[in-house]
Amino acid sequence: MNEKFYITTPIYYASGEPHIGHALTTICADVISRYQKSKGKEVFLLTGLDEHGSKIAGKAEVAGKTPQEFVDAIAPKYTEAWTALNIKYNDFIRTSSEKHKKGVIEFIKKIEDKGDIYESFYEGLYCVDCEKFYTEKELVGGLCPDHLKPPQKLKEKNYFFNLKKYLPEIREKIKNGKLKIIPDARKNEILSIIDSGIPDFSITREKDRVKWGIPYTKDETQLIYVWVDALANYITALGYSDGENFKKFWPTDIHTIGADIAKFHAIFWPGLLLSAGLPLPKIIFAQGLITVNGQKMSKTIGNVISPNDLIPKFGPDGTRYLLLSQFPTPEHGDVKADNFSEKYNSDLANGLGNLFERIFTMVLNYEIEINETKISPEIKNSVRETKKQYESDFENFNLFGALQTIFGFVKKLDQYINEKEPWNMHKNKDAELLMVLNSLFYGAEEIIKLIEPFMPEKTGLAADFAQKIKNREMPEETKLNLFPRI
Ligand code: MSP
């Protein structure tokens, strides 16, 4: 039986349409998933929407809709964007679904039975847009640091989760790598949050205040806190507690998330899982956040980029490439929207696309027979080195690095062409031409395999074209024209 691999994206708030920040985590997860499939693993990729909470209820009210109508209208925006980006997910979980609600209630019951939930009062400063409480210290000039809005002062009866009981075990598992947090900077942040004495958190909210959520079965004045509801998606989607997929795929091999939600995933979630007697995620991979032209994306600034702004121009593969090649994903990075066309033209049209065109055109025009025994040791070595580096990039979830590795080899093949000048060899009837073009053809085929997880559509076209050449069926179109210039 194939080894399993379970990978998740965060579930995005159904409060608005997807932007390139959401797309980045989702594309990353899809690339890792395709890579793992290429290793023969049975992969389950989960994504979806976080649909409860007061922020969404508020937006629905403004739009004159019920919360359910509101999220029902948002959901297709996400599924359509992911389809357009060629994201092959196995399930799209929505937290307003019956399946999810049933799983959450069962999960909470388990934690209750363990004696880890108690009643108390919560008093604090709550930012509705973040759906979380802030301490005075965390505020900037009295405002929520993310939304620059004053938080609300709240005092309410809530049910609390006894996180303290599990902190030493969580700490130990993070320290010894059983729960691996990538990158190290995030791991150290999490450890220092634990060391600074993180308080227990409330797992319910008063229904009078938050009207849109999953009822807490033990006390009808309460709803499940939206973060607890949301985190549980990773198990409810698999059919917790007795679904076949749950038995097969849990624990997750990797949660891909943004750095902004690391605390919830690396402290709260493991605490809840330990209490429920479930194994912990193996890896939490926290990506950096995108700013656009130096600023956080915001409707007021007008710098929000939607995947739909890019896909018609650059295609799904071009968009996937442009987003992943901006900066190493574990770091925060800025995207200069004006540079997208330039980067597309230089790396894809003039770089990769042109290399394939040169190689395939020469093989066709010079009527070269493809023969795997005629490959130069220089190119073979270079492929070996490239693959070694690529595997290690993927092991560290360094997708930016993997792309650089591939493009390093693209450059190498370009140089090889320029050095060997096959057109002169052809003119001079040089016998070495057969080896040079076979080496180039082999190099191109290796690039196709390596780049497949990143650009599944274009690599499919290139692979078919190469196969036709090998079979000596002249492709109808003698030009592949993989990435037309913009
Ligand atoms: N609903 C919660 C997550 C619950 S997961 C159990 C949430 N949603 S969110 O829509 O605000 O954003 C979630 C994730 O989207 C971030 O963690 C990150 O992965 C991605 N991004 C959202 N904005 C982003 C950027 N500006 N840049 C990069 N990724 C960003 O939090």
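Just so we're clear, the structure is a prediction, and the values are computed from it rather than from any experiment.

Student: What's the story with the overall build of the protein chain in this structure? I'm lost.
Tutor: Counting secondary structure elements, the protein chain contains 17 helices and 15 strands. Summarising its shape, the C-alpha atoms of the protein chain cover approximately 90 × 45 × 40 Å along the three principal directions. Taken across its 486 residues, the protein chain has 56% of its residues classed as buried. Taking as baseline every contact in the protein chain between residues at least 6 positions apart, the subset at least 24 positions apart corresponds to 77%. Accessible surface for the protein chain amounts to roughly 21500 Å². Of this, 50% is attributable to carbon and sulfur atoms. A distance of 2 Å separates the average location of the 65 positive side-chain charges in the protein chain from that of its 68 negative side-chain charges.

Student: Got a minute to help me understand the sheet that holds strand β4 (residues 117-127) in this structure?
Tutor: Either a parallel or an antiparallel arrangement is found when strands of a sheet pair, and the pairing is made through backbone hydrogen bonds. Pairing within the open sheet is antiparallel, and its four strands lie in the order β5-β4-β6-β8. Looking at strand neighbours, the two that pair on one side only are β5 (132-134) and β8 (201-202), the edges of this open sheet. By the bridge criterion, ten bridges tie β4 to strand β6 (residues 152-161) in an arrangement that is antiparallel. For isoleucine 117, the partnering residue across the bridge sits in β6 and is phenylalanine 161. Sheet strands touched by helix α10 (residues 262-275): β5, β6 and β8. Its angle to β6, the strand with the most contacts, is close to 35°.

Student: Teacher, can you tell me more about the packing of aromatic side chains here?
Tutor: Given two aromatic rings, one states the distance between the centres and the angle between the planes to describe the pair. Considering all chains together, one arrives at 36 aromatic pairs under this definition. Residues tyrosine 126 and phenylalanine 133 carry aromatic rings whose centres are separated by 4.7 Å and whose planes lie at 65° to one another, so their mutual orientation is edge-to-face. Both residues of the pair, tyrosine 126 and phenylalanine 133, belong to the buried class. Ring geometry for phenylalanine 394 against phenylalanine 454: centres 5.9 Å apart, planes inclined by 55°, an arrangement best described as tilted. Separated by 60 residues along the polypeptide, phenylalanine 394 in helix α13 (residues 377-395) and phenylalanine 454 in the loop between α16 (433-451) and α17 (456-470) bring together distant segments of the chain. Take phenylalanine 394: its relative accessible area is 3%, and that puts it in the buried class.

Student: Is there a simple way to think about the layout of surface pockets in this case?
Tutor: Think of a ball as big as a water molecule: rolled over the atoms, this probe shows where empty space is left. Roughly 260 Å³ of internal volume is contained in the second largest pocket. Looking at the lining of the second largest pocket, the elements that each hand over two or more residues are β1 (4-13), α1 (20-38), β7 (180-182) and α13. Split by residue class, the lining of the second largest pocket holds seven nonpolar, one polar and nine charged.

Student: Hey, could you run me through the environment of valine 128 in this one?
Tutor: With respect to the helices and strands, the residue valine 128 is situated in the loop between β4 and β5. The spatial distance from the C-alpha of valine 128 to the C-alpha of cysteine 144 is 9.8 Å, given a sequence separation of 16 residues. Valine 128 has contacts with Ser54, Lys55 and Gln152, leaving out every residue within four places of it along the chain.

Student: Please clarify how the sheet that holds β1 should be interpreted in this entry.
Tutor: Judged by pairing direction, the sheet is parallel, and its six strands sit side by side in the order β3-β2-β1-β11-β12-β7 without closing on themselves. Of all strands in the sheet, those bounded by a partner on one side alone are β3 (91-94) and β7. Mean inter-strand twist for the sheet, computed between neighbouring axes without regard to direction, equals 20°. As defined by bridge partners, strand β2 (residues 42-50) adjoins β3 across four bridges and the pair is classed as parallel. Residue leucine 46 lies in a different strand from β3, and its bridge partner there is aspartate 91. Each of β7, β11 (254-258) and β12 (283-287) is contacted by α10, which is oriented at about 140° to β11, the strand it contacts most.

Procedures and definitions
In every chain, residue numbers begin from 1 and rise along the written sequence. Totals for whole chains, interfaces and linings use every residue, but because this is a predicted model, local features are given only for residues with pLDDT of at least 70 and side-chain atom pairs only at 80 or more, for both listing and counting. Computation of side-chain values: all heavy atoms of the structure, hydrogens and water removed. Helix and strand labels come from DSSP, where a helix needs a run of H or I of at least four residues and a strand needs a run of E of at least two; each type is numbered from the N terminus. Throughout, exposure labels follow a simple rule: accessible area from a 1.4 Å probe, protein chains only, divided by the maximum for the residue type, with under 20% read as buried, over 50% as exposed, and the rest as partly exposed. Note on contacts: a residue pair is in contact if any heavy atoms of the two residues lie within 4.5 Å. Areas reported here follow the Shrake-Rupley algorithm with a probe of radius 1.4 Å; residue values treat only the protein chains shown as occluding. Counting rule applied: Lys, Arg positive; Asp, Glu negative; His and chain ends not counted. Charged groups are reduced to one reference atom each: NZ for lysine, CZ for arginine, CG for aspartic acid, CD for glutamic acid. Pairing between strands requires that DSSP locate at least two bridges from one strand to the other. All axes here are fitted lines through C-alpha atoms, helices being fitted over the stretch that makes contact, and every angle between N-to-C directions spans 0 to 180 degrees. Aromatic pairs are defined between Phe, Tyr and Trp rings, using the six-membered ring for Trp, whenever the two ring centres lie within 6.5 Å; interplanar angles under 30 degrees are classed as stacked, those over 60 as edge-to-face, and all others as tilted. Buriedness of a pocket was judged along seven lines, with at least five required to meet protein on both sides within 12 Å; pockets are open sets of points on a 1 Å grid over the protein atoms alone, cavities are sets where a 1.4 Å probe fits but cannot get out, and lining residues have an atom within 4 Å of a point. Grid points are joined across faces, edges and corners, and a volume is the space filled by probe spheres set on the points. All residues other than Ala, Val, Leu, Ile, Met, Phe, Trp, Tyr, Cys, Pro, Asp, Glu, Lys and Arg, Gly among them, are scored as polar; the first ten of these are nonpolar and the last four charged.

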